[in-house]
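Chains, contacts and geometry: an overview
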Protein chains: 2
Amino acid sequence: MQIAIVLYDRFTALDAVGPYEVLSRIPGAETVFVAEQAGPVRNDNGGTLGLVADRTLDEVDRPDIVLVPGGPGQIAQMDNVRLLDWLRAADAASTWTTSVCTGSLLLAAAGLLDGRRATSHWLALDTLPEFGATPTSERVVFDGKYVTAAGVSSGIDMGLALLGRICGDDHAMAVQLLTEYDPQPPYDAGSPLKAPAHLVENARAASRFIMS
Amino acid sequence: MQIAIVLYDRFTALDAVGPYEVLSRIPGAETVFVAEQAGPVRNDNGGTLGLVADRTLDEVDRPDIVLVPGGPGQIAQMDNVRLLDWLRAADAASTWTTSVCTGSLLLAAAGLLDGRRATSHWLALDTLPEFGATPTSERVVFDGKYVTAAGVSSGIDMGLALLGRICGDDHAMAVQLLTEYDPQPPYDAGSPLKAPAHLVENARAASRFIMS
């Protein structure tokens, strides 16, 4: 089984590395980071993190699992024909096509979520209907072979849920134990329904500024 | 403020990237991945992930925050004099000295946790007393300027807790909201107290095999 994690300039690192840490523990799986060009790809946060794409998109044409992270760099990829063509071709042969955060907007832009239920970062949910997808507020959404996760850290939950489908509950729980994923956030502010209202409004305002 | 995240061969990626995603959002902070040599450093999982160290240890001698991830590669670093010397020197000037997972064993080997309460991956807790540290089963342990986190994913909780200390609760909650850290693991098996007993025993047996 081959797992391809797609990188592009200004992706969000945890979107990719969270599910990587889980899914790469599928026995016998080959996990490969891919991008248009091989070499380090810089993240959204001032480019202070560089993750190496070991293969080009062209070199990985039939992955079993496709995983697309999100990040502010997603906006610049929405009309990247080469990437969208690759996503369509890879999806045609994949067993699972997945995303974290605004990665779902790239799947949607490739036409892969038309008529499907999906999720994204909470600030981006309203964009999904423009591509025929039905947004949901669930953290991890399975619709057939399409698995989309909410913002950034949700990719860990998505990875574990998908691992359970592929390898069974015991293996998924063993990986949860190994990664000591017993979350104890010091605050309860991880969703717009839980965070203080002024922080939600600040985030919406900042988002409108970025998107405009 | 400068944050230095230490990389070494066969580190665990999420140990580093979880707290990176949070702490790099300290306003005005410079976050830098460091290693003995600059360039891509390969992780524990077959080396399928390469994270770029942009600076050498020698180039970053007075970070405000030191963060040491864990991973099976930690074992080979326990007598790496160059790394341990760097940790001692960096710690002498740091505001916070932190670790995730078995990264705490490197802090301990450098003599920095002597007489302190600390944590580590649950499979490694018993090693801490060999270096004069008192292990606890808390997920995130503050003892003065020393902050240690439990296994792998706990670095996210540590990062948020530390962010709150440095920037205040509002900023930490804003980052939690931005990263949509509202964890909903599909299983409740993330600690040895919660996972099925046979999985805990399997993990202990595998660990003994690795350490022997």
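Residues numbered from 1 in each chain as written. Chains lettered and ligands numbered in written order. Predicted model: local features only at pLDDT ≥ 70, side-chain atom pairs only at ≥ 80, totals over all residues. Heavy atoms only, no water.

- Under an unreviewed UniProt entry, chain A has the name DJ-1/PfpI family protein and belongs to Nocardia albiluteola.

1. Focus on the overall build of chain A
- Looking only at helices and strands, chain A features seven helices and eleven strands.
- Relative to the 2.2 N^0.38 estimate, which gives 17 Å for 212 residues, the radius of gyration of chain A is 16 Å and therefore close to what a compact globule would have.
- Viewed in the frame of its principal axes, chain A has a C-alpha envelope of about 45 × 40 × 35 Å.
- Burial analysis of chain A (212 residues in total) assigns 62% to the buried set.
- By sequence separation, contacts in chain A at least 24 residues apart represent 62% of the contacts at least 6 residues apart.
- Of the roughly 7,700 Å² that chain A leaves accessible, carbon and sulfur atoms contribute 50%. (Helix = DSSP H or I, 4+ residues; strand = E, 2+ residues; numbered from the N terminus. Rg over C-alpha atoms; globule rule 2.2 N^0.38 Å. Buried < 20%, exposed > 50% of the residue type's maximum accessible area, 1.4 Å probe, protein only. Contact = heavy atoms within 4.5 Å. Areas by Shrake-Rupley, 256 points an atom, 1.4 Å probe, with all protein chains shown as cover.)

2. Focus on the interface of chain A and chain B
- Of the residues lining the interface, 64 residues belong to chain A; the matching set on chain B comes to 64 residues.
- For the pair chain A and chain B, the summed buried surface comes to about 5,400 Å²; carbon and sulfur atoms form 57% of the total.
- Broken down residue by residue, the surface that chain A buries against chain B is led by A:Leu177, A:Glu180 and A:Tyr187, which jointly contribute 15%.
- At the junction of chain A with chain B, the criterion picks out six salt bridges.
- Across the pair A:Asp54 and B:Arg42 runs a salt bridge whose closest N-O atoms are separated by 2.8 Å.
- Scanning the region where chain A abuts chain B turns up 46 residue pairs in polar contact (both at pLDDT 80 or more).
- When contributions to the side of chain A that touches chain B are tallied by element, the ones reaching two or more residues are helix H1 (13-23), strand S2 (30-35), strand S3 (39-42), strand S4 (50-53), helix H5 (154-167), helix H6 (169-178) and helix H7 (197-211) of chain A.
- Considering every element that reaches the side of chain A that touches chain B, the biggest residue donor is H6(A), with eight residues.
- Here the side of chain A that touches chain B is composed, by residue class, of 32 nonpolar, 19 polar and 13 charged. (Buried area = accessible area lost by both parts, 1.4 Å probe. Salt bridge = Lys/Arg side-chain N within 4 Å of Asp/Glu carboxyl O. Polar contact = N/O pair within 3.5 Å; in protein donor to acceptor, adjacent residues only side chain to side chain. Nonpolar A, V, L, I, M, F, W, Y, C, P; charged D, E, K, R; others polar.)

3. Here's the deal with the pairing of strand S6 (residues 65-68) of chain B
Residues and elements named next belong to chain B.
- Along S6, one buried face is formed by Ile65 and Leu67 and the opposite face, lined by Val66 and Val68, is buried too.
- Relative to S6, strand S1 (residues 2-6) runs parallel, the two sharing three bridges. If you follow Ile5 over to S6, its bridge partner there is Leu67.
- As paired elements, S6 and strand S7 (residues 96-100) share four bridges and run parallel to each other. Within the sheet, the bridge partner assigned to Leu67 lies in S7 and is Thr98. (Pairing = 2+ DSSP bridges.)

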